[in-house]
Amino acid sequence: MNFIENEQPLLVAEGLTKWYGRRLGCRDASFELYEGEVIAVVGESGSGKTTLLQLLSGQIEPSAGQIRYRLRDGAIADVWSMSEPMRRFLFRTDWGYVHQDPQLGLRMGVSAGGNVGERLMAVGWRNYGDIRGAATDWLARVEIPEDRIDDTPRAYSGGMRQRLQIARNLVTAPRLIFMDEPTGGLDVSVQARLLDLLRRIVSEMRIAVIVVTHDLAVARLLSNRIMVMKEGEVIEQGLTDQVLDDPHAPYTQLLVSSILPA
Amino acid sequence: MSAPVYNFAYLDEQTKRMIRRAILKAIAIPGYQVPFASREMPMPYGWGTGGVQVTASILGPEDVLKVIDQGSDDTTNAVSIRKFFTKTAGVRTTTSTLEATVIQTRHRIPETPLSETQVLVYQVPIPEPLRFLEPRETETRRMHALSEYGLMHVKLYEDIARHGHIATTYAYPVKVDERYVMDPSPIPKFDNPKLSDCPALQLFGAGREKRIYAIPPYTRVVSLDFEDHPFQPYRHDAQCELCGAADSYLDEVITDDRGSRMFVCSDTDYCETRRAMGYAAPARNSDAEPARD
Ligand SMILES: Nc1ncnc2c1ncn2[C@@H]1O[C@H](COP(=O)(O)OP(=O)(O)O)[C@@H](O)[C@H]1O
Ligand SMILES: [Mg+2]
Ligand SMILES: [Zn+2]
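Residues numbered from 1 in each chain as written. Chains lettered and ligands numbered in written order. Predicted model: local features only at pLDDT ≥ 70, side-chain atom pairs only at ≥ 80, totals over all residues. Heavy atoms only, no water.

All right, on to the coordination of the zinc ion (ligand 3) then. Residues and elements named next belong to chain B. Surrounding the zinc ion (ligand 3) are the protein donor atoms Cys240 (SG), Cys243 (SG), Cys265 (SG) and Cys271 (SG), at 2.2 to 2.3 Å. Coordination at the zinc ion (ligand 3) is tetrahedral, judged from the 4 donor atoms that bind it and the angles of 104 to 118° they form at the metal. Read from N- to C-terminus, the donor residues coordinating the zinc ion (ligand 3) fall into the pattern C-x2-C-x21-C-x5-C. Of this pair, Cys240 sits in the loop between strand S10 (221–223) and strand S11 (250–254) while Cys271 sits in helix H7 (residues 268–276), and the two are 31 residues apart along the sequence. (Donors = N, O, S within 2.8 Å, 3.2 Å for Na, K, Ca; no water. Tetrahedral: all angles 85-135°; square planar, octahedral: opposite > 155°, others 65-115°. Helix = DSSP H or I, 4+ residues; strand = E, 2+ residues; numbered from the N terminus.)

Laid out in structure tokens, this is it:
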């Protein structure tokens, strides 16, 4: 597949660096993301994956470097030069963020319908019937039975919560989704179903995704390209199959051989 | 005989100036919650210490004070606040809405239309309308700052999903001057339309939470709703059984130990004034004689 149909990248990261005081979170990450492209960020715990994701999604301010994003109207915006309201608006309309822990991404005391409808109400939807209709559609798309629309996520299983979180993010048809270990903490069979669903929706909607995972199998299944992180730095990047089948960096070789036994 | 140990209206002048500054800021930014250094008052929180501090700060010797609690001038709460200001400020008090220049209220807006020469001071228990869904203060503050009010409609959505209609009947959220979403304190939503375009200055004081906010005279106040579930004020479909009023907010009161009930105006001054003018109970089928023609 060729993702460079539209010649302008959707997002460009340049020299992204984050220091937590004297501790390094992530250093000098640079890459381009195109529309509809899925990039996996892999690496062991503490290697800087979450930091990179939070930098990219405008949730923490970089110590150095910049992020440029192509808005729906074609204008290129520097994420940290835009106003805070603008950045927050982008975050809840054209972007989505799926947390590993669904409790962080959902309102646990609000019904599933209200969780999905919130973004619509935030952008000015004021017709209850329309909001409920959109929520019903989205619950169906993530395979949540319609009769669970008025239940709160407290009554949901882990897998359902994660699917609800996805619906809540996708309802505004964002062009870019960030996911931090979306299948982490789920049973293997539940993981497989979620991955299938993610793969289907992402390709149907042609959403660009940056997905953090320590699971190379998840990366192989979902992503077109992969970035390998170690001690805060991106040490190898390329097409997912190429990197996983023929890793260059010794660390990647170790990672591949230990997690994907032949 | 001995001189009072406190200043006029209890609070010292420096504290009043601080509170007045908060009030002025609140008036300048309609609906915005201004933090203030709430003082200990000689009464427990929940007794309207926020409202009392606001009243104390705006009261002058010429003012005539009315205090109502759920529409009534003679509950313990209303009586003791009135006594407090009689004692500490020596101001004249009244139960008449027309006569009063300052009205401190808990949970009602008087039925009698207010005028430009009056100030209505509300006692507020919880000033933050977003608290119900977002307990983090840093987050609610940012939501106000950036006018991110989607969450307020989530609350109304939840109401409809659960009850089939917007079941919020008290403290019904409003938007002030097309900018800040505000909790009007636990007044019945029947009173919400009176918030808007009101000739009187409306001040809100939350003592425990240390917040003051305001609706300046003639400010547009809109109750939040959905296009297909529009805001509807509610009153019992009945007439007051003392004065026959068909337009006032009614309380249902139990009249004997067999559970008999009757509807009466919640605003006692309104009801008494009407009765003094000759209005009386409506004719009832079961009654032998109608009370008036
Ligand atoms: N809020 C923080 N304060 C201080 N150090 C942090 C913070 N968040 C992450 N770090 C440090 O930054 C490094 C990268 O962490 P993180 O991005 O969470 O890695 P990963 O997601 O790959 O496990 C780690 O050394 C971690 O301890
Ligand atoms: Mg992490
Ligand atoms: Zn009456």
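Back to the write-up after that little detour.
A few words now on the interface of chain B and chain A. Every contact between the two is made by 21 residues of chain B and, on the other side, 21 residues of chain A. Approximately 1800 Å² of surface area, both sides summed, lies buried where chain B meets chain A, with 55% of it carried by carbon and sulfur atoms. On the surface where chain B and chain A come into contact, there are 5 salt bridges. Across the salt bridge formed by Arg92(A) and Glu148(B), the nearest N and O atoms sit 2.9 Å from each other. Where chain B meets chain A, there are 14 residue pairs in polar contact (both at pLDDT 80 or more). Mapped onto the side of chain B that touches chain A, the elements with two or more residues apiece are helix H4 (137–145) and helix H5 (150–163) of chain B. When grouped by side-chain class, the residues that make up the side of chain B that touches chain A number 9 nonpolar, 3 polar and 9 charged. (Contact = heavy atoms within 4.5 Å. Buried area = accessible area lost by both parts, 1.4 Å probe. Salt bridge = Lys/Arg side-chain N within 4 Å of Asp/Glu carboxyl O. Polar contact = N/O pair within 3.5 Å; in protein donor to acceptor, adjacent residues only side chain to side chain. Nonpolar A, V, L, I, M, F, W, Y, C, P; charged D, E, K, R; others polar.)

Okay, the confidence of the model for chain B next. Residue and element names in this part refer to chain B. Overall, the predicted model of chain B reaches an average pLDDT of 93, with 95% of residues at or above 70. pLDDT under 50 marks residues 286–293. Its contacts with residues more than four places away, or in other chains, come to 6 contacts. On the interface metric, ipTM, the complex scores 0.90, and its pTM is 0.89. (pLDDT = per-residue confidence, 0-100.)

Moving on, we come to helix H3 (residues 76–89) of chain B. Residue and element names in this part refer to chain B. Helix length check: H3 (14 residues) gives 20 Å between terminal C-alpha atoms against 20 Å at 1.5 Å per residue, within 8%. Listing the buried residues of H3 in full gives Asn77, Ala78, Ile81, Arg82, Phe84, Phe85, Thr88 and Ala89. Buried positions in H3, seen along its axis, are confined to an arc of 155° and lie on one side of it. The outward face of H3, more than 90 degrees from its buried face, is lined by the exposed residues Thr76, Lys83 and Lys87. Where H3 is buried, its residues meet helix H2 (49–58), strand S2 (64–69), strand S3 (92–93), strand S4 (102–106) and strand S5 (119–123). One or two positions beyond H3, positive phi appears at Gly90, with a value near 65°. (Expected span 1.5 Å × (residues − 1). Buried < 20%, exposed > 50% of the residue type's maximum accessible area, 1.4 Å probe, protein only. Arc of directions from axis to C-beta.)

The next point concerns the sheet that holds S4(B). All names here are of chain B. Ordered by their spatial adjacency, 7 strands build an open sheet running S1-S9-S8-S5-S4-S2-S3, and the pairing between neighbours is mixed. Two strands in the sheet have a free side with no partner beyond their single neighbour: strand S1 (34–35) and S3. Note that S5 and strand S8 (residues 201–206) share 5 bridges and pair parallel. Looking at the pairing, Val121 lines up with Leu203 of S8. (Pairing = 2+ DSSP bridges.)

What follows is about the site of ligand 1. Residue and element names in this part refer to chain A. In the region of ligand 1, the neighbouring residues are Tyr20, Arg23, Leu24, Gly25, Glu44, Ser45, Gly46, Ser47, Gly48, Lys49, Thr50 and Thr51. Between ligand 1 and Arg23, the relevant distance is 3.2 Å, taken from an oxygen atom to a side-chain nitrogen or oxygen of the residue. Relative to its free-state accessible area of 560 Å², ligand 1 is covered by the protein chains to the extent of 62%. By residue class, the composition of the shell around ligand 1 is 2 nonpolar, 7 polar and 3 charged. (Near = heavy atom within 4 Å. Areas by Shrake-Rupley, 256 points an atom, 1.4 Å probe, with all protein chains shown as cover.)

By size, the foremost hydrophobic cluster in this structure holds 68 residues, and its most contacted members are Val116(A), Trp138(A), Val142(A), Leu164(A), Tyr157(B) and Phe226(B). Ranked by the residues each element gives to this core, the list is headed by H5(B), at 7 residues. The residues that make up this core include at least three from each of domain 1 (1–94 + 175–262) and domain 2 (108–173) of chain A. Filtering out sequence-adjacent residues up to four positions away, Tyr157(B) remains in contact with Ser111(A), Gly113(A), Gly114(A), Met121(A), Tyr128(A), Ile131(A), Arg132(A), Ile149(A) and Phe226(B). (Core = buried A, V, L, I, M, F, W, Y, C linked by side-chain atoms within 4.5 Å. Domains from an automatic or database assignment.)

Of note, Asp159(B) is situated in helix H5. No salt bridge is formed by the buried Asp159(B), whose closest oppositely charged neighbour, Lys155(B), lies at an N-O distance of 5.6 Å. (Lys, Arg positive; Asp, Glu negative; His and termini not counted.)

The next thing to look at is the domain arrangement of chain A. Residue and element names in this part refer to chain A. What the domain assignment reports for chain A is domain 1 (1–94 + 175–262) and domain 2 (108–173). Using C-alpha coordinates to define each centre, domain 1 is positioned 25 Å away from domain 2. Taken together, the contacts link 20 residues of domain 1 with 16 residues of domain 2. Buried area between domain 1 and domain 2, both sides added, is near 1500 Å², and the carbon and sulfur share of it is 62%. Linking domain 1 to domain 2 there are 3 salt bridges. Here Arg200 makes a salt bridge to Glu143, at a shortest N to O gap of 3.3 Å. One can count 7 residue pairs in polar contact (both at pLDDT 80 or more) joining domain 1 with domain 2.

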